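These are the residues of each chain, in order.
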Amino acid sequence: MTALAADRARYDRATAHLDAPVAVVDLEAFDANAADLVRRAGGKPIRVASKSVRCRALLERALAKDGFAGVMSFTLAESLWLARSGFDDVLLAYPSADRTGFAELTADPKLAAAVTVMVDDQAQLRLIDEARGGGRGREEVRVCLELDTALKLLGGRVRIGALRSPLHSPAQVAELARAVARRPGFRLVGVMAYEGHVAGVGDLLAGRPVRSRAIRAMQAAARRELAVRRAEVVRAVRAVVPDLEFVNGGGTGSVQHTAAEAAVTEIAAGSGFYVPRLFDNYTSFSGRPAALFAQPVVRRPGVGVVTVLGGGYPASGAAGRDRSPVPYLPQGLRYDPQEGAGEVQTPLLGSPADDLLIGDKVWFRHAKAGELCERFEQLHLVEGDRVTATVPTYRGEGRTFL
């Protein structure tokens, strides 16, 4: 029996008492992936990206391990909820226009001490001040500035990287740092720079060696340019705020590279715990798929075909085949190209279909990490061939933040 066949047998035994659709997290794989992130970080603490986990119990499991410290959240409402739940170091990774949330933040000493908000424009500071509610919100707001990490070529005519912060140069970041320092009610504590074109883009594409080499060349150039510019930015900001608390960078796909920069004090990572399918194509690391979901076989339309219930759970991003879940176990199943992953039914083709019976489970991997949890209220935690705990996702706790 192959290792994957053994895993399928374990998951089937563990969930034999559960009807599909069902989602599981293999704790042995989760813990092994966490250990690999720590190894790659080389001693620098890792801040856990909650959007890639979306389960409080597993956030707590990660943070209980040596090498992890703090959460990187994705909305202000989520940040406040986590802070009220006992998470005492929450960095909001994106600017917010949630006036109600800012009113709550600035009126509560515990929340204000636990949550750091992201800023890349003075207009965001004004919005927060307007939300203070005529003086009720007197608590000092902790602020982090985001640096644009994009690689710009040909005088800026070519841009490689996500459209995020407008702050690209050290002078631009320092100018906003001075604005924060001058403004009453705010304290600048950090700088963040997420190099998604390095951390979130695989460089080993199956059957595409030329494109893979081009991606590796681009990423090497981007890392070199950013390392120099990020160090200059940090020096410029520390000239304004000498007691800067942290400089955050990286992501699952670039942990070891970002950690090697002296200017960076902590790394962000989240997808590396679950290892979804988009993280299969990296030369710098490999992980173990930990988060899976199963759909039940409900039809057998013909030889070499089964149909499972639902399963059309596309991931965010530019639409394409790589945004669909992938049939994982048993090995050898593939989508019907005329139907793909469907909202209410998904035909699957391949010789393994002939060994599947009505009611059997087919296991899938989602394209991205935490988005799977928006489809399920519970995660069943598997150890060996047993479910040892069942924990709610954000959705299971009635929380859908985006």
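Cut-offs and rules
- Residues numbered from 1 in each chain as written.
- Predicted model: local features only at pLDDT ≥ 70, side-chain atom pairs only at ≥ 80, totals over all residues.
- Heavy atoms only, no water.
- Helix = DSSP H or I, 4+ residues; strand = E, 2+ residues; numbered from the N terminus.
- Rg over C-alpha atoms; globule rule 2.2 N^0.38 Å.
- Buried < 20%, exposed > 50% of the residue type's maximum accessible area, 1.4 Å probe, protein only.
- Contact = heavy atoms within 4.5 Å.
- Areas by Shrake-Rupley, 256 points an atom, 1.4 Å probe, with all protein chains shown as cover.
- Lys, Arg positive; Asp, Glu negative; His and termini not counted.
- Charge placed at Lys NZ, Arg CZ, Asp CG, Glu CD.
- Salt bridge = Lys/Arg side-chain N within 4 Å of Asp/Glu carboxyl O.
- Expected span 1.5 Å × (residues − 1).
- Phe/Tyr/Trp six-rings, centres within 6.5 Å; stacked < 30°, edge-to-face > 60°.
- Lys NZ or Arg CZ within 6 Å of the ring centre and 35° of its normal.
- Pairing = 2+ DSSP bridges.
- Right-handed = clockwise from strand over helix to strand, strands pointing away.

1. Quick word on the overall build of the chain
- When helices and strands are tallied, the chain shows 12 helices and 19 strands.
- Radius of gyration (C-alpha) of the chain: 22 Å, near the 21 Å computed for a compact globule of 402 residues.
- Counting every position in the chain, which comprises 402 residues, the buried fraction comes to 53%.
- If you take every contact in the chain between residues at least 6 apart in sequence, the share linking residues at least 24 apart comes to 69%.
- A total accessible area of about 17300 Å² is found for the chain, and carbon and sulfur atoms account for 51% of it.
- Averaged over its 52 positive side-chain charges, the chain has a centre that lies 4 Å from the centre of its 46 negative ones.

2. Overview of the pattern of salt bridges
- All chains considered together, the criterion is met by 26 salt bridges.
- For the salt bridge of Glu374 with Arg54, the shortest nitrogen-to-oxygen distance reads 2.7 Å. One end of the pair, Glu374, is in the loop between strand 17 (361-365) and strand 18 (378-383); the other, Arg54, is in the loop between strand 2 (46-49) and helix 3 (56-63), with 320 residues separating them in the sequence.
- The exposure class assigned to Arg54 is buried, which follows from its relative accessible area of 9%.
- Residue Lys368 is joined to Glu371 by a salt bridge in which the shortest nitrogen-to-oxygen separation is 3.7 Å.
- The class of Glu371 is buried, set by a relative accessible area of 17%.
- One connected set of salt bridges, linked through shared partners, spans Glu140, Arg142, Arg187 and Glu245.

3. Considering the side chain of Ser271
- Topologically, Ser271 is positioned in helix 12 (residues 271-274).
- The contacts of Ser271, once residues within four sequence positions are left out, are Ser52, Thr252, Pro276, Phe279 and Ala369.

4. Thoughts on helix 8 (residues 170-182)
- Along its 13 residues, helix 8 runs 18 Å from first to last C-alpha, staying within 8% of the 18 Å computed at 1.5 Å per residue.
- For helix 8, every residue scored as buried is listed here: Val173, Ala174, Leu176, Ala177, Ala179 and Val180.

5. Points about the packing of aromatic side chains
- For the coordinates displayed, the defined rule picks out 16 aromatic pairs.
- When the centroid spacing of 5.4 Å and the interplanar angle of 40° are considered together, the rings of Phe68 and Phe273 count as tilted. Note that Phe68 is positioned in strand 3 (residues 68-73) and Phe273 in helix 12, a separation of 205 residues in sequence.
- Grouping aromatic residues by their ring pairs yields a cluster made of Phe30, Phe68, Phe273 and Tyr274.
- In this structure, Arg40 is placed above the aromatic ring of Phe285, and the distance from its NZ or CZ to the ring centre is 4.1 Å.
- Taking the ring centre of Phe186 as reference, the NZ or CZ of Arg132 above it sits at 5.0 Å.

6. Describing the pairing of strand 6 (residues 141-146)
- Most of strand 6 sits inside the fold, with 6 of its 6 residues counted as buried.
- Neither face of strand 6 is left uncovered, since the one carrying Val141, Val143 and Leu145 and the one carrying Arg142, Cys144 and Glu146 both have all their residues buried.
- Where strand 5 (residues 115-119) lies against strand 6, 4 bridges are found, and the strand directions are parallel. Opposite Val117, over in strand 6, you have Val143 as the bridge partner.
- Pairing of strand 6 with strand 9 (residues 186-193), which is carried by 6 bridges, proceeds in the parallel orientation. Across the sheet, Val143 pairs through a bridge with Leu188, a residue of strand 9.

7. Things to note about the pairing of strand 3
- Within strand 3, 5 of the 6 residues are buried, which leaves the element mostly enclosed by the surrounding structure.
- Across 3 bridges, the pairing between strand 2 and strand 3 is parallel. Each bridged residue has a counterpart across the sheet, and for Val48 the counterpart in strand 3 is Val71.
- After leaving strand 2, the chain enters helix 3 and then returns to the sheet as strand 3, a path that is right-handed.
- Two elements, strand 3 and strand 4 (residues 90-92), share 3 bridges in a ladder whose sense is parallel. Following the sheet pairing, Ser73 is matched in strand 4 by Leu92.
- In this fold, the crossover linking strand 3 to strand 4 by way of helix 4 (residues 76-84) has right-handed handedness.

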